[in-house]
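Given next are the chains, with one letter for each unit.
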Amino acid sequence: GAGVSQSPSNKVTEKGKDVELRCDPISGHTALYWYRQSLGQGLEFLIYFQGNSAPDKSGLPSDRFSAERTGGSVSTLTIQRTQQEDSAVYLCASSLSGVREKLFFGSGTQLSVL
Amino acid sequence: DQQVKQNSPSLSVQEGRISILNCDYTNSMFDYFLWYKKYPAEGPTFLISISSIKDKNEDGRFTVFLNKSAKHLSLHIVPSQPGDSAVYFCAASDTGANSKLTFGKGITLSVRP
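Keep in mind that this is a model prediction, so the values were computed, not measured.

**With respect to the sheet that holds strand E3 (residues 19–25) of chain B**
Residues and elements named next belong to chain B. Spatial strand order, E1-E3-E8-E7-E6: five strands in an open sheet with antiparallel pairing. Since the sheet does not close on itself, it has two edges, and those belong to strand E1 (4–5) and strand E6 (56–59), each with one partner. The pairing of E6 with strand E7 (residues 62–67) spans four bridges and is classified as antiparallel. What sits directly across from Glu58, in E7, is Thr63.

**Some remarks on the pattern of salt bridges**
Residue and element names in this part refer to chain A. Counted by the stated rule, this structure contains five salt bridges over all chains. Residue Glu44 pairs with Arg36 through a salt bridge whose shortest N-O separation is 2.8 Å. The class of Glu44 is partly exposed, set by a relative accessible area of 32%. With relative accessibility at 9%, the residue Arg36 sits in the buried group.

**Some points on the confidence of the model for chain B**
Per-residue confidence for chain B averages 93 on the pLDDT scale, and 96% of its residues sit at or above 70. For chain B, the element scoring lowest by mean pLDDT is strand E10 (residues 102–103) of chain B, at 90; E7(B) scores highest, at 98.

**So, the interface of chain A and chain B**
The interface of chain A with chain B comprises 20 residues on the first partner and 21 residues on the second. Buried surface at the junction of chain A and chain B, both sides included, amounts to about 1700 Å², of which 58% is carbon and sulfur. If you look at where chain A meets chain B, you find zero salt bridges. Counting every contact that joins chain A to chain B gives three residue pairs in polar contact (both at pLDDT 80 or more). Of all elements in the fold, only strand E4 (31–37) and strand E5 (43–50) of chain A reach the threshold of two or more residues within the side of chain A that touches chain B. Looking at the side of chain A that touches chain B, its residues break down into nine nonpolar, eight polar and three charged.

**What to know about the packing of aromatic side chains**
Counted under the stated rule, the structure contains twelve aromatic pairs over all chains. Between Tyr35(A) and Phe45(A), the ring centres sit 5.8 Å apart and the planes meet at 70°, which makes this aromatic pair edge-to-face. Within this pair, whereas Tyr35(A) is found in strand E4, its partner Phe45(A) is found in strand E5, the two being separated by ten residues in sequence. Ring plane angle 75° and centroid distance 5.8 Å describe the contact between Tyr36(B) and Phe46(B), whose orientation is recorded as edge-to-face. Of the two residues, Tyr36(B) is situated in strand E4 (residues 30–38) and Phe46(B) in strand E5 (residues 45–51); the sequence distance between them amounts to ten residues. Take Tyr36(B): its relative accessible area is 0%, and that puts it in the buried class. Through pairs of rings, three or more aromatic residues link up here, namely Tyr33(A), Tyr35(A), Phe45(A), Tyr48(A), Phe105(A), Tyr36(B), Phe46(B), Phe89(B) and Phe103(B).

**A short note on the sheet that holds strand E7 (residues 75–79) of chain A**
Residue and element names in this part refer to chain A. Pairing is antiparallel across the open sheet formed by four strands, whose spatial order is E1-E3-E7-E6. Two strands bound the open sheet, and with one partner strand each, they are strand E1 (5–7) and strand E6 (65–69). Strand after strand, the sheet turns through a mean of 15° between neighbouring axes, direction not considered. When E6 meets E7, the two strands line up antiparallel, connected through five bridges. Pairing of Arg69 across the sheet is with Ser75, part of E7.

**Here's the deal with the state of the cysteines**
Using the criterion set out here, one finds two disulfides over all chains in the structure. In this model Cys23(A) forms its disulfide with Cys92(A); the gap between the sulfur atoms is 1.9 Å. Its S-S torsion of approximately -65° makes the covalent link between Cys23(A) and Cys92(A) left-handed. Note that Cys23(A) is positioned in strand E3 (residues 19–24) and Cys92(A) in strand E8 (residues 88–95), a separation of 69 residues in sequence. Of the residues examined, Cys23(A) reaches a relative accessible area of 0% and is grouped as buried. In this structure Cys92(A) comes out as buried when scored by relative accessible area, which is 0%. Between the sulfur atoms of Cys23(B) and its disulfide partner Cys90(B) the distance amounts to 2.1 Å.

So, how was this worked out
Residues numbered from 1 in each chain as written. Chains lettered and ligands numbered in written order. Predicted model: local features only at pLDDT ≥ 70, side-chain atom pairs only at ≥ 80, totals over all residues. Heavy atoms only, no water. Pairing = 2+ DSSP bridges. Helix = DSSP H or I, 4+ residues; strand = E, 2+ residues; numbered from the N terminus. Salt bridge = Lys/Arg side-chain N within 4 Å of Asp/Glu carboxyl O. Buried < 20%, exposed > 50% of the residue type's maximum accessible area, 1.4 Å probe, protein only. pLDDT = per-residue confidence, 0-100. Contact = heavy atoms within 4.5 Å. Buried area = accessible area lost by both parts, 1.4 Å probe. Polar contact = N/O pair within 3.5 Å; in protein donor to acceptor, adjacent residues only side chain to side chain. Nonpolar A, V, L, I, M, F, W, Y, C, P; charged D, E, K, R; others polar. Phe/Tyr/Trp six-rings, centres within 6.5 Å; stacked < 30°, edge-to-face > 60°. Axes fitted to C-alpha atoms, helices over the stretch in contact; angles between N-to-C directions. Disulfide = S-S within 2.5 Å.

Here it is in structure tokens:
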């Protein structure tokens, strides 16, 4: 596709369950970001992948959160033992090479933890 | 610690008038600033950017002004149109080549017909 694709668009889960969120960046983009937006909050940085460099994980809120990027393309954000405070819109973005290039965002995954 | 602050959560203006959206930052290392626009159920889209070597950047109806001494930037939209109604996020990055973007909480702009 032409844009950043995220799946699922909506996910409802029970507290304590694990979830996986997927992001397909724009082909050829080496930089990939995960952000989340909780209700009434701004976009909170989670993790950043750039090419073959070690990812910047400084935004992950706890060790229940992890992300990987396979083959420099698709990325999966995993949240283990979900909590109600994890409920948010999780947004993925990619750019050609880095933050000085404009980011292209996906439509996000709305995660609701009951 | 909010390094990028958008203190007004909402703004309502009449169609055809000017919209001024403000943003303040605290990190003196920030040197690149962007505005993103977000419609409901969509991801943010890039609107306009400015480097710290400039104090103004214009693109059609959109102009961003940067006041480095005050650590303040503003987005001007003139004339405002109903289709501009959206959430506007201010974002900033520092000098690191692989620096991440830090976003504000956003301002909801409503343009009344």
